[in-house]
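These are the residues of each chain, in order.
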Amino acid sequence: RLPLPLSIFGGNKNTMLKRFSFALSALLCCLLLPLRVAADSPPATKSWAYIVMDADTGQVLVEKNADQKAFPASITKVLTAALALESCAPEETFVMSEEAVFSLEQGATHIALSPGESVSVEQMLYATMLASANDAANGLAEHAGGSISAFVERMNAQARVLGAQDTHF
């Protein structure tokens, strides 16, 4: 016997399950549709700065401290991964240097890589993007750019190309 909620869909067991699945999916879609944010009531957030823009028009929909300078850690890692993928194949391997591993600021996020450790570009991309690992990002930068400083220059050039006028890594 089917539970009472399924019996309201009528028909045989497979038909009822299909109808129930469809109804549940439709309900979830309705509940998960994005809600429109009114411009006079910005969303509640713990972030001290943000900006939401219309991608087609460039119109600012809502912002908070959007013009204040900040260290763009997440954007740095996204650009590091993008530039590394332009220069390297995911299956390439390289050896972590002492500078890549130990030139981190105190308290920086890392995955405890060791100098001399052989890693793949793919592994370091995952570590950079999912674990926010600064040692992995440094290794990618060295491998893709020859040195961290040379890679940073590439990042700054790419930021200018992308129109990020106030961005400097």
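All of these numbers come straight from a predicted model, not from anything done at the bench.

> Even after reading the chapter, I still don't get the packing of helix α6 (residues 134-145) against helix α7 (residues 148-161), so can you show me in this structure?
The geometry of a pair of packed helices is captured by two quantities: the angle between their axes and the separation between those axes. Put simply, α6 and α7 touch, their axes get as near as 8 Å, and they point 85° apart. Relative to α7, the element α6 is oriented roughly perpendicular. Of the residues in α7, those touching α6 at N138, A141, E142, A144 and G145 are I148, A150, F151 and R154. Here the residues of the contact of α6 with α7 are counted per class, giving five nonpolar, two polar and two charged.

> Sorry, what's going on with the packing of helix α5 (residues 121-130) against α6 here?
Between α5 and α6, whose axes approach to 8 Å, the crossing angle comes to 135°. Comparing the axis directions of α5 and α6 gives the class oblique. Of the two elements, α5 crosses α6, and the hand of that crossing is left-handed. In this structure, α5 contributes V121, M124, L125, A127 and T128 to the contact, and α6 contributes A136, A137, L140 and H143. Of the residues that constitute the contact of α5 with α6, the class distribution is seven nonpolar, two polar and no charged.

> I tried to follow a nonpolar patch on the surface on my own but got confused; where do I start?
Residues V78, Y126, M129 and L130 make up a contiguous nonpolar surface patch of roughly 430 Å² in combined accessible area. Sorting elements by how many residues they give to the nonpolar patch places α5 first, with three residues. Of note, V78 is situated in helix α3 (residues 73-87). On the basis of relative accessible area, V78 is assigned to the partly exposed category, the value being 42%.

> It is not clear to me how the pairing of strand β2 (residues 60-64) should be interpreted in this structure. Could you clarify?
Residues in a regular strand project their side chains so that they alternate between the two faces of the sheet. Taken together, the four bridges between strand β1 (residues 50-53) and β2 define a ladder with antiparallel strand orientation. Note that in β2 the partner of I51 across the bridge is E63. Between β1 and β2, which pair antiparallel and follow one another directly, the connecting turn spans six residues, one of which, G58, has a positive phi of 80°.

> Before we go on, may I ask you to explain the side chain of T128 in this structure?
Position of T128 among the secondary structure elements: in helix α5. Within the local environment of T128, its side chain forms a polar contact with the backbone nitrogen of A137, the two atoms lying 3.3 Å apart. Excluding residues within four positions of it along the chain, T128 makes contact with K77, A133, A136, A137 and L140.

> Would you take a moment to explain the nonpolar core for this structure?
Burial of nonpolar side chains together is a common tendency in soluble globular proteins. F94, M96, L113, M124 and L140 are the most contacted members of the largest nonpolar core, which totals 25 residues. Elements with a minimum of two residues in this core: α3, α4 (98-102), α5, α6 and α7. Look past the residues within four positions of M124 in its chain and what remains in contact with it is F94, M96, I111, L113, V119, A136 and L140.

> Help me understand the confidence of the model for the protein in this model?
Caution is warranted with low-pLDDT regions, since their predicted coordinates should not be read in detail. Averaged over the protein, the pLDDT score is 81; the fraction of residues at 70 or greater is 72%. For the stretch residues 1-9, pLDDT sits under 50, and the model shows ten contacts to residues farther than four places along the chain or on other chains.

> Sorry if this is basic, but what is going on with the environment of V95 here?
With respect to the helices and strands, the residue V95 is situated in strand β3 (residues 93-95). When the C-alpha positions of V95 and V119 are compared, they lie 6.2 Å apart, and in sequence the two are 24 residues distant. Setting aside anything within four residues of it in sequence, one finds V95 in contact with G116, E117 and S118.

> What exactly am I supposed to notice about the environment of H168 here?
Assignment of secondary structure puts H168 in the segment after α7. Take H168: its relative accessible area is 63%, and that puts it in the exposed class. C-alpha separation for the pair H168 and T76, spaced 92 residues apart in sequence, amounts to 9.9 Å.

Calculation notes
Residues numbered from 1 in each chain as written. Predicted model: local features only at pLDDT ≥ 70, side-chain atom pairs only at ≥ 80, totals over all residues. Heavy atoms only, no water. Axes fitted to C-alpha atoms, helices over the stretch in contact; angles between N-to-C directions. Helix = DSSP H or I, 4+ residues; strand = E, 2+ residues; numbered from the N terminus. Parallel < 35°, antiparallel > 145°, perpendicular 65-115°, else oblique. Contact = heavy atoms within 4.5 Å. Nonpolar A, V, L, I, M, F, W, Y, C, P; charged D, E, K, R; others polar. Left-handed = near helix turned anticlockwise from the far one by under 90°. Patch = residues over 30% accessible without salt bridge, like charges linked within 9 Å, V, L, I, M, F, W, Y side chains within 5 Å. Areas by Shrake-Rupley, 256 points an atom, 1.4 Å probe, with all protein chains shown as cover. Salt bridge = Lys/Arg side-chain N within 4 Å of Asp/Glu carboxyl O. Buried < 20%, exposed > 50% of the residue type's maximum accessible area, 1.4 Å probe, protein only. Pairing = 2+ DSSP bridges. Polar contact = N/O pair within 3.5 Å; in protein donor to acceptor, adjacent residues only side chain to side chain. Core = buried A, V, L, I, M, F, W, Y, C linked by side-chain atoms within 4.5 Å. pLDDT = per-residue confidence, 0-100.

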